[in-house]
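What follows is each chain in one-letter form.
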Protein chains: 2
Amino acid sequence: MSNGKSHMKLGAFIMSVGHHVAAWRHPEAGATDILNIDFYKNIAQTAERGKFDMLFLADVLSVQDDDVSLKYKASICFEPLTLLSALSTVTKHIGLAATISTSYNEPFHIARKVASLDHISRGRAAWNVVTSNLESEALNFNRKNHLEHAVRYERAREFLEVVKGLWDSWEKDALIIDKKSGVFADEKKVHTLNHQKRFFSVKGPLNISNPPQGHPVIIQAGSSEAGKQLAAETADVIFTAWQTLKEAQAFYKEVKSLVEDYGRSPEDLKIMPGVLPIIGKTEQEAKEKEQLLQELVLPELGVSLLSGLLGIDLSPYPIDGPLPDLPNVDEINGGKSRYQLLLDLAKREKLTIRQLSLRIAGARGHRTIKGTAEQIADQLEEWFINDAADGFNIMAPYFPGGLEDFVDLVIPELQRRGLFRTEYTGKTLRDHLGLKRPGNQFTKALEKA
Amino acid sequence: MSNGKSHMKLGAFIMSVGHHVAAWRHPEAGATDILNIDFYKNIAQTAERGKFDMLFLADVLSVQDDDVSLKYKASICFEPLTLLSALSTVTKHIGLAATISTSYNEPFHIARKVASLDHISRGRAAWNVVTSNLESEALNFNRKNHLEHAVRYERAREFLEVVKGLWDSWEKDALIIDKKSGVFADEKKVHTLNHQKRFFSVKGPLNISNPPQGHPVIIQAGSSEAGKQLAAETADVIFTAWQTLKEAQAFYKEVKSLVEDYGRSPEDLKIMPGVLPIIGKTEQEAKEKEQLLQELVLPELGVSLLSGLLGIDLSPYPIDGPLPDLPNVDEINGGKSRYQLLLDLAKREKLTIRQLSLRIAGARGHRTIKGTAEQIADQLEEWFINDAADGFNIMAPYFPGGLEDFVDLVIPELQRRGLFRTEYTGKTLRDHLGLKRPGNQFTKALEKA
């Protein structure tokens, strides 16, 4: 590679039967398979055939319960940890990343479940650490409103600290398992954590031993100021959304430098924006494919989706008019980076509510790229070699066809260019992503003492 | 069948690499396989070969962290929901039951995860509803001590109410999925729950549709007064521990009558005590097998296990003396039915601490039966035909051998006697257990109105 980088990293992002809000209506989408395990088995095996680094499951802890959303939106899905565990036994190499919120969970449960998935899959687990930012989620968890942005991130940081501490609570050589003497573990290598801070008080140790990867891979998905800091300090992968090369480069540069501020190497954090690819045999075919999907978006559902993303009900406003005056990003308490991105986009391109809703109906704020396999590869390569991304989370517009196209047409082109692996060479997800195994905080403390 | 009952129900109870505390030291136990998914795949497939109704995973949310337990006890295990999800794709018929505590979880998560497992496995999920009764668990979940017994049960009852409401929140025919019109669901058949009571405030609806079984099977494991009431009102299966036919018959009669008090049929609740079978080709071989396991119990570990079950540290007392004076069951806040059972057993048979610890090292309070396959079958048949049990949870002393012996030797004997199925006839766990699909609270309310 000209810039000394290794291959790009690729995640197969899975949300419902496709990323596009009208995915389920696509003639080739498996709509009635939305809760059919064989459908996801096929997706997972297709991604593994394409040598993807990981499957990456989106998540949210509620459904939008207005009548429009309930009627027109495919708002049901498998729970990520159960689905990925099921898929672990029908795949061999591909990483398994679950989105899990720190806002309404307990760190002991999450440390344990993700460690369990890491053992079950022999080192292929990842956790996409998110904070919950929807009122509808709060209402399912004993609250009237969701946590304030700064508090969410403070809680997330402490949550991660507890989880990593629990993963370290059994050192990697703590197990003895000597039948003759009856010694199961070296008790000096099993540690209580005794964590007691603002949000959590957790004694430990965990009831499952050190995960095969030491720590399963940590993905962080917020691009707000607090999100960037948390990622730079604690994450292995950052999942982000950018529309233009320039913005993405600026973000890349800033975050890689922040990583160094925390005493880590820039290679320790992989930056992987989301992209929604629409692939045709010709440019024209790609355009038609996009148009078909866009035509399947019912206007009221588009407005409801946009309202959900912004956290503001837009149904009272004229659909062919501009966005109403909206609060400044500092004043909102939802997902800040997504909010700012949508406002910027509407302003930059002078979009009406309908136009903006159609623009996000597919990629939901992420970048849409379209064209032939060569053109898709060009666009990925451009960002990769120009320090805008270490790889991408590929958001198939619908399943299974959208992913099959990518695997059968784009991956071979990336491989021809030397931009992507032709075989898995490592065993764990950390191996795939080129990430070091983290040290253990208890042995580090001992070494220092 | 002489008494008109159908076949007995059998669960394959899984705790660590065997139920006996020294299981991992047994020459034929897969000790180093304790976190090897292939080992559990083999166990699951063996149980399915034996036509078991279900795999039944034990659970606890902490390890005993005294040095003796950490050193000598196999205290790590997979988390039940991730393990069962992984096993769902390598089995076809067998039910998948996870023990999950209501004390340190949120009902939305549990409703969703168990529904997800039910969809993944096409109707084979069950939830063993327990309350957490160990101080060591409380300390992993932001508490200094665990909830008081009555509060635990009140919380459990409300937790179950929320979970069942969420399972009902999508009626079973709510999904339309009509690509042409764009209608995904009949919004009138999707319900918010708006639960707001003492412990929980949960709006709903759930973000996964009605589970294939309507409600996954509910197992309840407490035999205290509060436990019996909860089971009689809400459970499909009761998992219990009795040493003698008489006690078991009294319990069976009482609970079946309680079930009727709640307007349910006695067949709606299956009573399945735990039994630990030690099977030999001859009676002598069975005795030797038991002796071998008992000799593998290190005395200090036996005392630590007994201390854990009673919630009282027995290490200061002479191991060959009697139990010290212990509080009355009304004064303790741990697992009440187990506590009473152990005190009764020690008193009835005048056991020393060492003897009592060895008695529970295997079955941990459940009944041990030993002998040839015929003798084992006799003992199961006696309880089954004399209204002491609808079936049993079989606690293999060690894996995989202990389960293989049962499947290869005892099951054929039960089948010969017409006491157990020779093939699976239904598709779901409810089918296997002979349980009706529950009604939906929202449609029931409508029908009444």
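Reading guide: rules and limits
- Residues numbered from 1 in each chain as written.
- Chains lettered and ligands numbered in written order.
- Predicted model: local features only at pLDDT ≥ 70, side-chain atom pairs only at ≥ 80, totals over all residues.
- Heavy atoms only, no water.
- Helix = DSSP H or I, 4+ residues; strand = E, 2+ residues; numbered from the N terminus.
- Rg over C-alpha atoms; globule rule 2.2 N^0.38 Å.
- Buried < 20%, exposed > 50% of the residue type's maximum accessible area, 1.4 Å probe, protein only.
- Contact = heavy atoms within 4.5 Å.
- Areas by Shrake-Rupley, 256 points an atom, 1.4 Å probe, with all protein chains shown as cover.
- Lys, Arg positive; Asp, Glu negative; His and termini not counted.
- Charge placed at Lys NZ, Arg CZ, Asp CG, Glu CD.
- Phe/Tyr/Trp six-rings, centres within 6.5 Å; stacked < 30°, edge-to-face > 60°.
- Polar contact = N/O pair within 3.5 Å; in protein donor to acceptor, adjacent residues only side chain to side chain.
- Axes fitted to C-alpha atoms, helices over the stretch in contact; angles between N-to-C directions.
- Parallel < 35°, antiparallel > 145°, perpendicular 65-115°, else oblique.
- Left-handed = near helix turned anticlockwise from the far one by under 90°.
- Salt bridge = Lys/Arg side-chain N within 4 Å of Asp/Glu carboxyl O.
- Buried area = accessible area lost by both parts, 1.4 Å probe.
- Nonpolar A, V, L, I, M, F, W, Y, C, P; charged D, E, K, R; others polar.
- UniProt positions renumbered as here; feature names shortened; annotations may be inferred.
- pLDDT = per-residue confidence, 0-100.
- Least-squares fit on C-alpha atoms with pLDDT ≥ 70 in both.
- Core = buried A, V, L, I, M, F, W, Y, C linked by side-chain atoms within 4.5 Å.

### Here's the deal with the overall build of chain A
The helix and strand inventory of chain A stands at 16 helices and 13 strands. Taking 2.2 N^0.38 as the reference for a compact globule, 449 residues should give roughly 22 Å; the C-alpha atoms of chain A span a radius of gyration of 22 Å, in line with that estimate. Taken along its principal axes, the extent of the C-alpha atoms in chain A is 75 × 50 × 45 Å. Sorting the 449 residues of chain A into buried and exposed places 62% on the buried side. Taking all contacts inside chain A whose residues are at least 6 apart in sequence as the whole, residues at least 24 apart take part in 78%. When the accessible surface of chain A is totalled, it reaches about 16,400 Å², and 49% of it is carbon and sulfur. Treating the 55 positive side-chain charges of chain A as one cloud and the 59 negative ones as another, the clouds have centres 4 Å apart.

### Observations concerning the packing of aromatic side chains
Residue and element names in this part refer to chain A. Taken as a whole and judged by the stated rule, the model has 26 aromatic pairs over all chains. Pairing Phe159 with Phe200 gives two aromatic rings, centres 5.5 Å apart and planes at 85°, and the pair type is edge-to-face. You can see Phe159 sitting in helix H6 (residues 149–168) and its partner Phe200 sitting in the loop between strand S7 (195–196) and strand S8 (201–202), a full 41 residues away along the chain. Grouped by ring-pair contacts, the aromatic residues Trp127, Phe159, Phe199 and Phe200 constitute a single cluster.

### Quick notes on helix H3 (residues 80–88) of chain A
Structural remark: α-helix, 3.6 residues per turn; residues separated by three or four positions point the same way. In terms of burial, H3(A) is a largely internal element, nine of the nine residues being buried. For H3(A), every residue scored as buried is listed here: Pro80(A), Leu81(A), Thr82(A), Leu83(A), Leu84(A), Ser85(A), Ala86(A), Leu87(A) and Ser88(A). On the buried face of H3(A), the contacting elements are helix H1 (37–49), strand S2 (54–57), strand S3 (95–101) and helix H4 (107–120) of chain A together with helix H3 (80–88) and helix H4 (107–120) of chain B. Backbone nitrogen of Leu81(A) and a side-chain oxygen of the N-cap are separated by 3.2 Å at the start of H3(A); the cap is Glu79(A).

### As for the packing of H4(B) against helix H6 (residues 149–168) of chain B
All names here are of chain B. Interhelical geometry of H4 versus H6 gives an angle of 50° and a closest axis separation of 9 Å. One finds that H4 runs oblique with respect to H6. Helix-helix and strand crossings are classified by hand; for H4 and H6 the assignment is right-handed. For the pair H4 and H6, contact is made by Pro107, Phe108, Ile110, Ala111, Val114 and Ala115 and by Phe159, Val162, Val163, Leu166 and Trp167, respectively.

### Some words on the pattern of salt bridges
Tallying each qualifying case throughout the model produces 54 salt bridges over all chains. The closest approach of N and O atoms between Arg112(A) and Asp59(B), which form a salt bridge, is 2.5 Å. Here Arg112(A), found in helix H4, pairs with Asp59(B), found in the loop between strand S2 (54–57) and helix H2 (67–72), and the two come from separate chains. Exposure remark for Asp59(B): the relative accessible area of 23% places this residue in the partly exposed category. Glu161(A) is paired through a salt bridge with Lys197(A); the nearest N and O atoms lie 2.7 Å apart. A residue pair is termed long-range when its members are at least 10 positions apart, and Glu161(A) in helix H6 and Lys197(A) in the loop between S7 and S8 qualify at 36 residues. Accessibility expressed as a relative area gives 37% for Glu161(A), which makes it partly exposed. Here the salt bridges do not stand alone but share partners, grouping Asp378(A), Glu381(A), Glu413(A), Arg416(A) and Arg417(A) into one network.

### Focus on the interface of chain A and chain B
At the interface, 81 residues of chain A touch 81 residues of chain B. Summing both partners gives a buried area of about 6,900 Å² for chain A against chain B, and 59% of it is carried by carbon and sulfur. When residues of chain A are sorted by the area they lose upon contact with chain B, Arg112(A), Lys179(A) and Phe184(A) head the list and together hold 10% of the total. The interface formed by chain A and chain B includes eight salt bridges. For Glu79(A), the salt bridge identified is with Lys113(B), shortest N-O distance 3.5 Å. Connecting chain A to chain B are 45 residue pairs in polar contact (both at pLDDT 80 or more). Elements that contribute at least two residues to the side of chain A that touches chain B include exactly H1, helix H2 (67–72), H3, H4, strand S5 (175–178), strand S6 (183–185) and S8 of chain A. Tallied by class, the residues present in the side of chain A that touches chain B amount to 40 nonpolar, 22 polar and 19 charged.

### Things to note about the UniProt feature "domain: Luciferase-like" (unreviewed entry) in chain A
According to UniProt, the feature "domain: Luciferase-like" (unreviewed entry) maps to residues 21–382 of chain A in the numbering used here. Each end of residues 21–382 of chain A is marked by a C-alpha atom, and these two atoms are 28 Å apart; helix forms 42% of the span and strand 14%.

### Considering unusual backbone geometry
Cis geometry marks the peptide bond from Gly204(A) to Pro205(A), where omega comes out at -5°. Its location among the elements puts Pro205(A) in the loop between S8 and strand S9 (217–220). Of note in this structure, Asp387(B) is not a glycine but carries a positive phi near 50°. Note that Asp387(B) resides in the loop between helix H13 (373–385) and strand S13 (391–395).

### Some points on the confidence of the model for chain A
Any segment with low pLDDT has predicted coordinates that should not be analysed in fine detail. Averaged over all residues, the pLDDT of chain A is 94; the fraction at 70 or higher stands at 99%. Complex prediction metrics read pTM 0.96 and ipTM 0.96.

### Re the relation of the copies chain A and chain B
With an axial shift of 0.0 Å and an RMSD of 0.0 Å, the rotation relating chain A to chain B amounts to 180°. The symmetry that links the two subunits is that of a two-fold axis. When C-alpha positions in chain A are compared against the rotation axis, the closest is assigned to Ala86(A), at 2.1 Å. The residues that chain A uses at the interface reappear at the interface of chain B in 100% of cases, marking a shared surface.

### Remarks on the nonpolar core
Most often, soluble globular proteins keep nonpolar side chains buried together rather than apart. By size, the foremost hydrophobic cluster in this structure holds 222 residues, and its most contacted members are Phe52(A), Trp127(A), Phe406(A), Phe52(B), Trp127(B) and Phe406(B). When residues no more than four places from it in sequence are discounted, the contact partners of Trp127(A) are Ala98(A), Ile100(A), Thr102(A), Ile110(A), Val114(A), Phe159(A), Leu160(A), Val163(A), Trp167(A), Val217(A), Ile218(A) and Ile219(A). Formed by 28 residues, the second largest nonpolar core is a distinct cluster that contains Tyr72(B), Val303(B), Leu306(B) and Leu356(B).

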